Amino acid sequence: MHSYVVRVYRVQEDHPRQLIGVVEQPGQGLPFAFSNIDELWTILVAPVTAVPDPAVANDPVHPTGHL
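Described below are features of the structure shown in this document.

The rules we used
- Residues numbered from 1 in each chain as written.
- Predicted model: local features only at pLDDT ≥ 70, side-chain atom pairs only at ≥ 80, totals over all residues.
- Heavy atoms only, no water.
- Salt bridge = Lys/Arg side-chain N within 4 Å of Asp/Glu carboxyl O.
- Helix = DSSP H or I, 4+ residues; strand = E, 2+ residues; numbered from the N terminus.
- Buried < 20%, exposed > 50% of the residue type's maximum accessible area, 1.4 Å probe, protein only.
- Pairing = 2+ DSSP bridges.
- Axes fitted to C-alpha atoms, helices over the stretch in contact; angles between N-to-C directions.

What to know about the pattern of salt bridges
Stage number 1. In this structure the tally under the stated criterion is two salt bridges.
Stage number 2. Close ionic contact of R7 with E24 constitutes a salt bridge, the shortest N to O distance being 2.5 Å. Of the two residues, R7 sits in strand β1 (residues 5-12) while E24 sits in strand β2 (residues 15-24), which places them 17 residues apart along the sequence.
Stage number 3. Classification of R7 by relative accessible area gives partly exposed; the value is 35%.
Stage number 4. Classification of E24 by relative accessible area gives partly exposed; the value is 21%.

Here it is, written out as structure tokens:
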């Protein structure tokens, strides 16, 4: 299971499915913006891509940055 920080900045009272915000994975630092509930859901169910750890990327034992 993955953890996310979801920040909702605006919700229209007459159109509750229209909401604006960002989603971040702790430690990844890359926010993904959304402008409606469907985009939010797409971000949350998307497969998580592995970002190589910078310490491993510079490790001569693992020159490709992957274990």
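A look at the sheet that holds β2
Stage number 1. One open sheet accounts for three strands, arranged β1-β2-β3; its pairing is antiparallel. If you trace the sheet from one side to the other, it starts and ends with β1 and β3 (32-34), each paired once. Mean inter-strand twist for the sheet, computed between neighbouring axes without regard to direction, equals 15 degrees.
Stage number 2. Across three bridges, the pairing between β2 and β3 is antiparallel.

Focus on the pairing of β2
Residues in a regular strand project their side chains so that they alternate between the two faces of the sheet.
Stage number 1. Relative to β2, β1 runs antiparallel, the two being bridged by seven bridges. In the sheet register, V6 faces β2, and the bridge partner there is V23.
Stage number 2. Counting the residues that bridge the hairpin from β1 to β2 gives two residues.

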